[in-house]
Amino acid sequence: MRKIGLTGGMGSGKSTAAKIFEALSVPVFYADDESKNILETNPFVKEELSSRFGPDLFPEGKLDRSFLASQIFNNKDTLAFVNSVMHPAVADCFVNWCAEQSAPYCLKEAAILFEIGSYTQLDKTILVVADKEIRIERVMKRNDWSREEVLARMKNQWEDDLKEPLADFVIYNSEKKLLIPQILKIHENLISNANAKS
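Source: prediction; values computed, not measured. (Residues numbered from 1 in each chain as written. Predicted model: local features only at pLDDT ≥ 70, side-chain atom pairs only at ≥ 80, totals over all residues. Heavy atoms only, no water.)

Caption draft 1: Broad picture of unusual backbone geometry. At Ser25, a position not held by glycine, the phi torsion is positive, near 70°. Look at Ser25 and you get exposed, because its relative accessible area is 61%. Of note in the backbone geometry, Glu60 takes a positive phi value of approximately 55° without being a glycine. Note on Glu60: relative accessible area 85%, which makes it exposed. (Buried < 20%, exposed > 50% of the residue type's maximum accessible area, 1.4 Å probe, protein only.)

This is the structure in structure tokens:
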């Protein structure tokens, strides 16, 4: 089974694209959701992070997400440490999950596929892009954040012009281009390639 990465910046519409692929019977591994689950349940991860952040991270055994966010917000060293603990754990989960799938290909949906280099472990990558102003407006509306909060978080992700040369397929999520025809074309390409190699 071929492993395909699906990524895009905040507000690009990658989650919407993932749902369309799912409607085409493509299994999707949501890396960001799995990260949240690992933070709550993985003993090694909890121990590593607790040794760095102390007892305030898991008061009464439950993760304090706002505390963790405050620690990594605008602190690249701390963010890098959290990523160094989290990403291997997520990668292991993805390997185990893939072993249970039987489709011609599956998707790994992740926000920072290129930034952390995990795209190198995949067969192909799909990047969803959208105009930055549209993305900012979407995230402000979705998360009830200020423009400054959105821009601060976007700093942790690469700009699209850095990611596009690394992507095998690019989906343009704008009012001028419809998502579904682009996804169907990529899906047909991936299915035919998977069948040719099987």
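Caption draft 2: View of the sheet that holds strand β1 (residues 2-8). Taking strand neighbours across the sheet as the criterion, the 5 strands line up as β2-β3-β1-β4-β5 in an open arrangement whose pairing is parallel. Edge positions in the open sheet fall to β2 (28-30) and β5 (169-172), since each of these has one partner strand only. Each neighbouring strand pair of the sheet contributes to a mean axis angle of 20°, computed without reference to strand direction. Two strands pair when backbone bridges link them, and β1 and strand β4 (residues 124-129) are joined in this way by 5 bridges, in the parallel orientation. Note that in β4 the partner of Thr7 across the bridge is Leu127. Sitting on the sheet, helix α2 (residues 31-41) is in contact with β2 and β3 (105-109), with an inclination near 50° to β2. (Pairing = 2+ DSSP bridges. Helix = DSSP H or I, 4+ residues; strand = E, 2+ residues; numbered from the N terminus. Axes fitted to C-alpha atoms, helices over the stretch in contact; angles between N-to-C directions. Contact = heavy atoms within 4.5 Å.)

Caption draft 3: Focus on the state of the cysteines. Applying the stated criterion across every chain yields a total of 0 disulfides. For the unlinked cysteine Cys93, the closest cysteine sulfur is that of Cys98, found at 11 Å. A relative accessible area of 26% means that Cys93 is categorised as partly exposed. There is no disulfide at Cys106, and the cysteine sulfur nearest it, in Cys98, is 3.9 Å away. Take Cys106: its relative accessible area is 0%, and that puts it in the buried class. (Disulfide = S-S within 2.5 Å.)

Caption draft 4: Region of interest: helix α5 (residues 76-98). Taking 1.5 Å as the rise per residue, α5 with 23 residues should run 33 Å; its terminal C-alpha atoms sit 31 Å apart, in good agreement. Residues of α5 that are buried: Thr78, Leu79, Phe81, Val82, Val85, Met86, Ala89, Val90, Phe94, Trp97 and Cys98. The inward-facing, buried residues of α5 contact β1, β2, α2, α3 (43-53), α4 (65-72) and β3. Here α5 starts with a cap whose side-chain oxygen sits 3.3 Å from the backbone nitrogen of Asp77, and that cap is Asn75. (Expected span 1.5 Å × (residues − 1). Polar contact = N/O pair within 3.5 Å; in protein donor to acceptor, adjacent residues only side chain to side chain.)

Caption draft 5: Fine view of a nonpolar patch on the surface. Together, Trp158, Leu162 and Leu166 give the surface a local cluster of nonpolar side chains, amounting to about 260 Å² of exposed area. Counting through the fold element by element, Trp158 comes out in the loop between α7 (147-154) and α8 (160-163). (Patch = residues over 30% accessible without salt bridge, like charges linked within 9 Å, V, L, I, M, F, W, Y side chains within 5 Å. Areas by Shrake-Rupley, 256 points an atom, 1.4 Å probe, with all protein chains shown as cover. Salt bridge = Lys/Arg side-chain N within 4 Å of Asp/Glu carboxyl O.)

Caption draft 6: Quick look at the side chain of Gln157. Within the secondary structure, Gln157 is located in the loop between α7 and α8. A distance of 2.9 Å separates the side chain of Gln157 from the backbone nitrogen of Met10, its partner in a polar contact. Those residues within four positions of Gln157 in sequence are excluded, and the remaining contacts are Gly9, Met10, Ala111, Ile112, Glu115 and Arg135.

Caption draft 7: Representation of the pairing of β3 within the structure. Judged by how many residues are buried, β3 sits mostly within the fold: 5 of 5 residues are covered. Across the two faces of β3 the burial is the same, with Tyr105, Leu107 and Glu109 and Cys106 and Lys108 all buried. Two elements, β2 and β3, share 3 bridges in a ladder whose sense is parallel. Bridging from a neighbouring strand, Phe29 pairs with Lys108 of β3.

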